[in-house]
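What follows is each chain in one-letter form.
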There are 2 protein chains.
Amino acid sequence: MPRQVDHDERRRQLTEALLRIASTRGLQAVSMREIAAEAGVSLRVVQYYFTNKQALLESGLTELGARMDRRVKQRAAAAADELTPRGVFAAVLGAILPFDEQSELDSMAWTAYYTAALTDPALAAVGVTLPNALENFLTARLTAAQQAGDIDPDRDPRTEVAGLLALANGLTSSVLSRQRSHAAATEIIDYHLDRLFGPAAA
Amino acid sequence: MPRQVDHDERRRQLTEALLRIASTRGLQAVSMREIAAEAGVSLRVVQYYFTNKQALLESGLTELGARMDRRVKQRAAAAADELTPRGVFAAVLGAILPFDEQSELDSMAWTAYYTAALTDPALAAVGVTLPNALENFLTARLTAAQQAGDIDPDRDPRTEVAGLLALANGLTSSVLSRQRSHAAATEIIDYHLDRLFGPAAA
DNA sequence: GTTGTTAGGATACGACTGTATCCATTCCGG
DNA sequence: CCGGAATGGATACAGTCGTATCCTAACAAC
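Residues numbered from 1 in each chain as written. Chains lettered and ligands numbered in written order. Predicted model: local features only at pLDDT ≥ 70, side-chain atom pairs only at ≥ 80, totals over all residues. Heavy atoms only, no water.

Some details on the overall build of chain A
Stage number 1. When helices and strands are counted, chain A shows ten helices and zero strands.
Stage number 2. Ordering the α and β elements of chain A from the N terminus gives α-α-α-α-α-α-α-α-α-α.
Stage number 3. Its C-alpha atoms give chain A principal-axis dimensions of roughly 60 × 35 × 30 Å.
Stage number 4. For chain A, with 202 residues in total, the buried portion stands at 45%.
Stage number 5. The long-range fraction of contacts in chain A, counting pairs at least 24 apart against all pairs at least 6 apart in sequence, stands at 64%.
Stage number 6. Accessible area of chain A: about 10,100 Å², with a carbon and sulfur share of 53%.
Stage number 7. With 21 positive and 25 negative side-chain charges, chain A shows a spacing of 8 Å between the two charge centroids. (Helix = DSSP H or I, 4+ residues; strand = E, 2+ residues; numbered from the N terminus. Buried < 20%, exposed > 50% of the residue type's maximum accessible area, 1.4 Å probe, protein only. Contact = heavy atoms within 4.5 Å. Areas by Shrake-Rupley, 256 points an atom, 1.4 Å probe, with all protein chains shown as cover. Lys, Arg positive; Asp, Glu negative; His and termini not counted. Charge placed at Lys NZ, Arg CZ, Asp CG, Glu CD.)

What follows is the structure, given as structure tokens:
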């Protein structure tokens, strides 16, 4: 199969192989040769479709962001019939927590990338996009809910959202390290949503 | 200086050099030779006082835990005159958040270790000690406060504590990545403490 | 059919890794 | 004062890393 290769598809396969390694053995275990082996191709192929290791890493982070985005939208669509402000928050925060094997693997990889980004400006630039978008989106929703009179007027929407996102991230960490179950984490999230929106509808 | 060397002191210096590298350039930048250079000694010295790189890494994690423990006790002592249950929580959670340059560096290193521990069982074993101790300690305090009638009797102490610790960890992440200032993070913590204990005394 | 571009196999380079070894100091105890 | 242990300098080893190069197939267009 020498001519006519779908480059985007090839790159997608390699990126997925990279994320598989990063989520199970950590980002420090990711090497060009390991990716090649994981994807079942030669080292040359990895070099051929990505100019750099850096480009490969950035591709992995972009893909992780896209997956998270997909999960949020999927959850929002699943609860579309009851799209209250609380429902939106439950969907987004519930999509951040690892809730099945794949999302747990992705959370592992995300955590690895987050840590790497603390000392790698190039990754940081790619990585802040999604968290900022989430915060702005939720803040806008909460502000709207407040203006509609659905929540206490003397709460600061951005502060509330920042707290909830930080809580979800911290809970994700504790779920990944097996300190807490997914159910326990969800319970804590729900508890805080109750405090903000009032008790959930049946 | 051939005979009579204080081994513990030597190991402490090397461990500090290790943490300086881990907190500024990440754990993946930590190598035997880099530690030697940072500490101003030869590679042989690093080998001589630590049998392994693994032993060195574990020493770094232990030291980080000790520092955190010291910070908590220091804050508790500083607020010893007003050691209300809320004061204890404010001290512990305030010690988790990065509040000065050194604690920020330590938080960076802690984050790096946390991530490494997700794929390295040996580090995980060392690393869970402190978080578990903190959770148990705070849960005991909150249970006592509840029995004394200081907080709402239908709250679950362990759930509350788990939420607060997760919140503090998540806020730490956002402070490290410059998404939020220390002041903003502290404000969010205080806000949640108000919800739990009632408004703070003047 | 020839030509030229695309796709990848094979191999090599220099840098860096953790670890091991050899050897020269320096000092304590006898 | 002298033998032996403690300390550490210098160097080497076998791997692995990212990257570069060389060369050969395979197909499209002419």
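Structural notes on the relation of the copies chain A and chain B
Stage number 1. Mapping chain A onto chain B calls for a rotation angle of 180 degrees and an axial translation of 0.0 Å; the resulting RMSD is 0.0 Å. These values place the two chain copies in the arrangement generated by a two-fold rotation axis. (Least-squares fit on C-alpha atoms with pLDDT ≥ 70 in both.)

Overview of the side chain of A:Glu104
Residue and element names in this part refer to chain A.
Stage number 1. Within the fold, glutamate 104 resides in helix 6 (residues 101-117).
Stage number 2. Judged by its relative accessible area of 17%, glutamate 104 is buried.
Stage number 3. Of note is the side chain of glutamate 104, whose polar atom sits 2.7 Å from the side chain of arginine 178. (Polar contact = N/O pair within 3.5 Å; in protein donor to acceptor, adjacent residues only side chain to side chain.)

Focus: unusual backbone geometry
Stage number 1. Of note in the backbone geometry, A:Arg178 takes a positive phi value of approximately 60 degrees without being a glycine.
Stage number 2. Within the secondary structure, A:Arg178 is located in the loop between helix 9 (157-176) and helix 10 (182-197).

As for the packing of helix 1 (residues 7-25) of chain B against helix 2 (residues 32-39) of chain B
All names here are of chain B.
Stage number 1. Where helix 1 contacts helix 2, the axes come no closer than 9 Å and their chain directions differ by 110 degrees. Compared by their axis directions, helix 1 and helix 2 come out roughly perpendicular. Where helix 1 abuts helix 2, its residues Leu14, Ala17, Leu18, Arg20, Ile21 and Arg25 lie against Glu34, Ile35, Glu38 and Ala39.
Stage number 2. Its residues assigned to classes, the contact of helix 1 with helix 2 comprises six nonpolar, no polar and four charged. (Axes fitted to C-alpha atoms, helices over the stretch in contact; angles between N-to-C directions. Parallel < 35°, antiparallel > 145°, perpendicular 65-115°, else oblique. Nonpolar A, V, L, I, M, F, W, Y, C, P; charged D, E, K, R; others polar.)

Digging into the pattern of salt bridges
Stage number 1. For the structure shown, the criterion picks out 30 salt bridges over all chains.
Stage number 2. With a shortest N-O distance of 3.7 Å, B:Arg11 and B:Asp8 are connected by a salt bridge. Of this pair, B:Arg11 and B:Asp8 both sit in helix 1, separated by three residues, roughly a single helical turn.
Stage number 3. Overall, the relative accessible area of 55% leaves B:Asp8 in the exposed class.
Stage number 4. In this structure, B:Asp69 and B:Lys73 form a salt bridge, with 2.8 Å as the shortest nitrogen-oxygen distance. Note that B:Asp69 and B:Lys73 are positioned in helix 4 (residues 53-78) at a spacing of four residues, about one turn of the helix.
Stage number 5. Judged by relative accessible area, which is 33%, B:Asp69 ranks as partly exposed.
Stage number 6. With relative accessibility at 55%, the residue B:Lys73 sits in the exposed group.
Stage number 7. Within this structure, A:Glu63, A:Arg67, A:Arg70, A:Arg71 and A:Asp106 form a network of salt bridges that share partners. (Salt bridge = Lys/Arg side-chain N within 4 Å of Asp/Glu carboxyl O.)

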